[in-house]
Amino acid sequence: MRRIFGLAGDGIDPIVAALRRAEPEIELVTARHEEMAAFMATGHAKYTGEVGVCLATQGPGAIHLLTGLYDAKLDRRPVVAIIGQIVSTALGGGYQQEVDLHTLFKDVCGQYLQEVTGPEQVHLVVDNAVRTAIATSSPTCVIVPHDIQRAPAHEHDGPAHGIVRTSAVVTRPRVVPAAA
Amino acid sequence: MLDVVDRLGAGIATSLLGKPILDESLPFHCGVMGHLGTTAAADLLAACDTLLIIGSSDPWTEFYPPVGQARTVQIDLAARNLGAKYPVEVGLAGDTAETLRALAPMFTAAPVPGPAPAPGREWRSQVEGMVASWHDVLDSRVHTTAELLNPQLVVHELSAHLPAGTQVAVDVGSVTYWYARFLRLGPDMPAHLSSTLASMGSAMPYGLAAKLYRPDRPVVALAGDGSMQMNGLSELITVAARWRQWADPRFVVLVLHNGDLAEVSWEQREVEGDPRSARSLAVPTFPYAGYAELLGLRGLRIGAAREVGPAWRAAFASDRPCLVEAVVDPDVPLLPPRQAEDDVTQTIRALRLEGNVTAAVQLRQQRRQEAHHPAAGRPGGP
Ligand SMILES: Cc1ncc(C[n+]2csc(CCOP(=O)(O)OP(=O)(O)O)c2C)c(N)n1
Ligand SMILES: [Mg+2]
């Protein structure tokens, strides 16, 4: 993935900063509106055959992604949405910009929707979001609370009890009809 | 796919999403099916005795053959899609290419091309007649003149100007109909749109995604004025901010400036029998070409048939992105092919309530064009 379509917000500041550090391997292509970023990700998936990725901040930014993600769902294209969430210590407290993202994305990203609860989990969640998007040709979603975005990255050793190591391996099967 | 089509002596119709897949200049390619499709595709589906559905979930169920008329086989990668839109006799879950490769040898050998009409080729020549009829209808549609510029002509003329390798992005509105019916894509011209969700505002972000993927290839984005105001105008800012980094700076945007949410206006008349809600469906006027110029892009505003060809030539010769603002007629009907007479009468009645004479005249004209080429082998045909 060389390109992520999105729009900044304080709910994803640490991710936006990480993307700056990752330049030029990954470019954050900014749209004027998150809905357009989601449509760009779907368009990317359609023109390239690859996975499209979009990024939006917590609350209003996340809400804006929905239509573009439904476009991917209904035309069956792989798209991964990465969205911010308020700090996990305040979740459920009616915090500024707190929106129940699980409920909001449950339908459109029904194949895979996961909130990251600790840095140890990031690899496996991102990996599963991508592999599920590809395998089901549909949008998937990764929710990252602000404090998790700020935590130091976790270097994996594992596997161990409760530690799942995954790898970014994707291949397609040959699908041949059963002989009639 | 073409090998199987030839072995069967079949005709082809595609869903909207399937339009870019096969060359529409093939004499047995009937074009896009459904409400926004061609008379040839409607005639093909109405008259066929066998239907092979390849990877399509076309939603226009009223355009499939009457149940019981055609023995139907469906191929789809997703087993859950088999028989889900139309009753099928045999469902084959598999990759299209793999499945067709396995099926092909089971069909008779490909017929030898040549003029002698073998008995099995009768149907093929019937299909070619449907296609020729549609091409006549198409010709009269795009050359119909009224007081305002004909949008069908604008989109049709684009076909001859598309540079090799152009990536096409299409919005939702009347332009979707004109794209489906009148735009002839060359080989290696990917075209995409928001098909199943049918969401307005898809052309500009799709065009941008295409351009960022292949900055060395031209892009053309086709949109209505309503879609441009919904969000296209904002994403034109993104184009203005980025075009200098593109190997090929050509990003051509067509805006059909008709001052109307025209597709909805026609749906109100056709589906509901209501007169157009004039105040609710008006799109405020806006200087699209002037705005492009303001952003440092090129802007061309056209309003007459003789300006169309030169505008396309200039747009694709431009050293920067170019917006073509075509001030066009909102009263060109989106008449679905072979519509039942009652539905046409309902639309005419709605137009009468509006006092919209120009639209009613054009609708009758479109019906006459179709009637010149009656569908073979279906009710109402010869
Ligand atoms: C997001 C969204 N809102 C509303 C609609 C309903 N709708 C379908 S076509 C259309 C009109 C489009 O108007 P315009 O872009 O001006 O194109 P025209 O049909 O006039 O050429 C509308 C409102 C839709 N498809 N998508
Ligand atoms: Mg309009």
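Residues numbered from 1 in each chain as written. Chains lettered and ligands numbered in written order. Predicted model: local features only at pLDDT ≥ 70, side-chain atom pairs only at ≥ 80, totals over all residues. Heavy atoms only, no water.

Next up on the list: the overall build of chain B. Each helix and strand counted, chain B has 14 helices and 11 strands in total. Here the C-alpha radius of gyration of chain B, 21 Å, is about what a compact globule of 382 residues would show, namely 21 Å. Taking the principal axes of the C-alpha coordinates as reference, chain B spans close to 60 × 50 × 40 Å. Within the span of chain B, comprising 382 residues, buried residues form 55% of the whole. Across chain B, the fraction of contacts at a sequence separation of at least 24, relative to all contacts at a separation of at least 6, is 67%. When the accessible area of chain B is evaluated, it comes to approximately 15,900 Å², of which 56% is carbon and sulfur surface. With 32 positive and 41 negative side-chain charges, chain B shows a spacing of 3 Å between the two charge centroids. (Helix = DSSP H or I, 4+ residues; strand = E, 2+ residues; numbered from the N terminus. Rg over C-alpha atoms; globule rule 2.2 N^0.38 Å. Buried < 20%, exposed > 50% of the residue type's maximum accessible area, 1.4 Å probe, protein only. Contact = heavy atoms within 4.5 Å. Areas by Shrake-Rupley, 256 points an atom, 1.4 Å probe, with all protein chains shown as cover. Lys, Arg positive; Asp, Glu negative; His and termini not counted. Charge placed at Lys NZ, Arg CZ, Asp CG, Glu CD.)

This part takes up the packing of aromatic side chains. Residue and element names in this part refer to chain B. Counted under the stated rule, the structure contains 9 aromatic pairs over all chains. A ring pair is formed by Tyr 64 and Tyr 86, whose centres lie 4.9 Å apart and whose planes are at 15°; its orientation type is stacked. Of this pair, Tyr 64 sits in the loop between strand S3 (50-54) and strand S4 (71-76) while Tyr 86 sits in the loop between S4 and strand S5 (90-93); the two residues are 22 residues apart in sequence, bridging distant segments of the chain. Accessibility classification places Tyr 64 together with Tyr 86 in one group, the buried group. (Phe/Tyr/Trp six-rings, centres within 6.5 Å; stacked < 30°, edge-to-face > 60°.)

Frequently, the measure chosen for interface size is the accessible area removed from exposure when the parts meet. Facing 28 residues of chain A, the contacting portion of chain B comprises 37 residues. Across the interface of chain A and chain B, roughly 2,700 Å² is buried in total on both sides, 60% from carbon and sulfur atoms. Applying the counting rule to chain A against chain B returns 2 salt bridges. Here A:Glu27 makes a salt bridge to B:Arg242, at a shortest N to O gap of 2.4 Å. Summed over the shared surface of chain A and chain B, the result is 15 residue pairs in polar contact (both at pLDDT 80 or more). Put simply, the parts of the chain that give the side of chain A that touches chain B at least two residues each are strand S1 (3-6), strand S2 (27-30), helix H2 (34-48) and helix H4 (66-74) of chain A. Sorting elements by how many residues they give to the side of chain A that touches chain B places H2(A) first, with 10 residues. Tallied by class, the residues present in the side of chain A that touches chain B amount to 12 nonpolar, 7 polar and 9 charged. (Buried area = accessible area lost by both parts, 1.4 Å probe. Salt bridge = Lys/Arg side-chain N within 4 Å of Asp/Glu carboxyl O. Polar contact = N/O pair within 3.5 Å; in protein donor to acceptor, adjacent residues only side chain to side chain. Nonpolar A, V, L, I, M, F, W, Y, C, P; charged D, E, K, R; others polar.)

Our focus in this paragraph is the coordination of the magnesium ion (ligand 2). Residues and elements named next belong to chain B. Looking at the metal site, the magnesium ion (ligand 2) is ligated by Asp 225 (OD), Asn 258 (OD1) and Asp 260 (O), spaced 2.0 to 2.2 Å from it. Taken in sequence order, the residues that donate to the magnesium ion (ligand 2) follow the motif D-x32-N-x1-D. For the pair shown, Asn 258 and Asp 260 are each scored as buried. (Donors = N, O, S within 2.8 Å, 3.2 Å for Na, K, Ca; no water.)

A word on the site of ligand 1. All names here are of chain B. The environment of ligand 1 is made up of 17 residues, and the closest members are Ser 174, Asp 225, Gly 226, Asp 260 and Ala 262. Within the side chain of Asp 225, one N or O atom sits 2.6 Å away from an oxygen atom of ligand 1. The separation between an oxygen atom of ligand 1 and a polar main-chain atom of Ser 227 is 2.9 Å. Coverage of ligand 1 by the protein amounts to 79% of the 590 Å² it exposes when considered alone. Among the elements of the structure, helix H8 (225-242) and helix H9 (262-272) are those that each provide at least two residues to the shell around ligand 1. Residues of the shell around ligand 1, tallied by class, amount to 7 nonpolar, 7 polar and 3 charged. (Near = heavy atom within 4 Å.)

A separate point is the layout of surface pockets. By rolling a water-sized probe across the atoms, one finds the places where empty space is left. All names here are of chain A. Considered as a void within the structure, the second largest pocket measures approximately 910 Å³ in volume. Taken together, 28 residues line the second largest pocket, and the ones lying closest to its centre are Ile 15, Ala 18, Ile 82, Val 122 and Val 126. Of all the elements in the fold, those that place two or more residues in the lining of the second largest pocket are helix H1 (13-22), strand S4 (79-85), helix H6 (122-136), strand S6 (139-145) and helix H7 (146-150). With 6 residues, the top contributor of residues to the lining of the second largest pocket is H1. Partitioning the lining of the second largest pocket into residue classes produces 23 nonpolar, 3 polar and 2 charged. (1 Å grid on protein atoms, 1.4 Å probe; cavity = no way out; pocket = protein on both sides within 12 Å on 5 of 7 lines; lining within 4 Å. Points joined across faces, edges and corners; volume = space filled by probe spheres on them.)

This part covers the domain arrangement of chain B. Residues and elements named next belong to chain B. According to the domain assignment, chain B consists of domain 1 (2-134) and domain 2 (145-331). In this structure, domain 1 and domain 2 have C-alpha centres spaced 30 Å apart. The partner domain 2 presents 14 residues to the 11 residues of domain 1 that form the contact. Interface of domain 1 and domain 2: buried area, both sides summed, is about 1,200 Å²; carbon and sulfur atoms make up 60% of it. On inspection of domain 1 and its partner domain 2, the count reaches 0 salt bridges. Residue composition of the side of domain 1 that touches domain 2, by class: 6 nonpolar, 3 polar and 2 charged. (Domains from an automatic or database assignment.)

Residues and elements named next belong to chain B. Buried residues dominate helix H2 (residues 39-47), accounting for 9 of its 9 residues. Listed in full, the buried residues belonging to H2 are Thr 39, Ala 40, Ala 41, Ala 42, Asp 43, Leu 44, Leu 45, Ala 46 and Ala 47. Elements in contact with the buried residues of H2: strand S1 (12-14), strand S2 (29-32), S3, helix H4 (122-142) and helix H14 (357-371). Of the residues flanking the start of H2, the one acting as N-cap is Thr 38, its side-chain oxygen 3.4 Å from the backbone nitrogen of Ala 40.

Among the nonpolar cores identified, the biggest contains 76 residues, and B:Leu183, B:Leu222, B:Leu254, B:Trp312 and B:Val324 are the most heavily contacted of them. A domain-level breakdown of this core finds at least three residues from each of domain 1 (2-134) and domain 2 (145-331) of chain B. Among all residues touching B:Trp312, those that are not within four sequence positions of it are B:Val154, B:Glu157, B:Leu158, B:His161, B:Val252, B:Leu254 and B:Val324. Core analysis: the second largest hydrophobic core is formed by 54 residues, A:Ala37, A:Ala56, B:Val239 and B:Leu323 among them. (Core = buried A, V, L, I, M, F, W, Y, C linked by side-chain atoms within 4.5 Å.)

The subject of this paragraph is empty space enclosed by the protein. All names here are of chain B. If you walk through the whole model with that rule in mind, you get 4 cavities of 30 Å³ or more. A volume near 60 Å³ is recorded for the largest cavity. Lining the largest cavity, in full, are Trp 266, Glu 270, Pro 333, Leu 334, Leu 335, Pro 336, Gln 339, Val 344, Thr 347 and Leu 363. Only H9 and helix H13 (341-354) provide two or more residues apiece to the lining of the largest cavity. For the lining of the largest cavity, a count of residues per class yields 7 nonpolar, 2 polar and 1 charged. Taken as a whole, the second largest cavity encloses approximately 50 Å³ of empty space. Looking at the second largest cavity, the residues that line it are Arg 141, Thr 144, Gln 152, Gln 362, Gln 365, Gln 366 and Gln 369. It is H14 that contributes the most residues to the lining of the second largest cavity, 4 residues altogether. A breakdown of the residues in the lining of the second largest cavity according to their chemical character gives no nonpolar, 6 polar and 1 charged.

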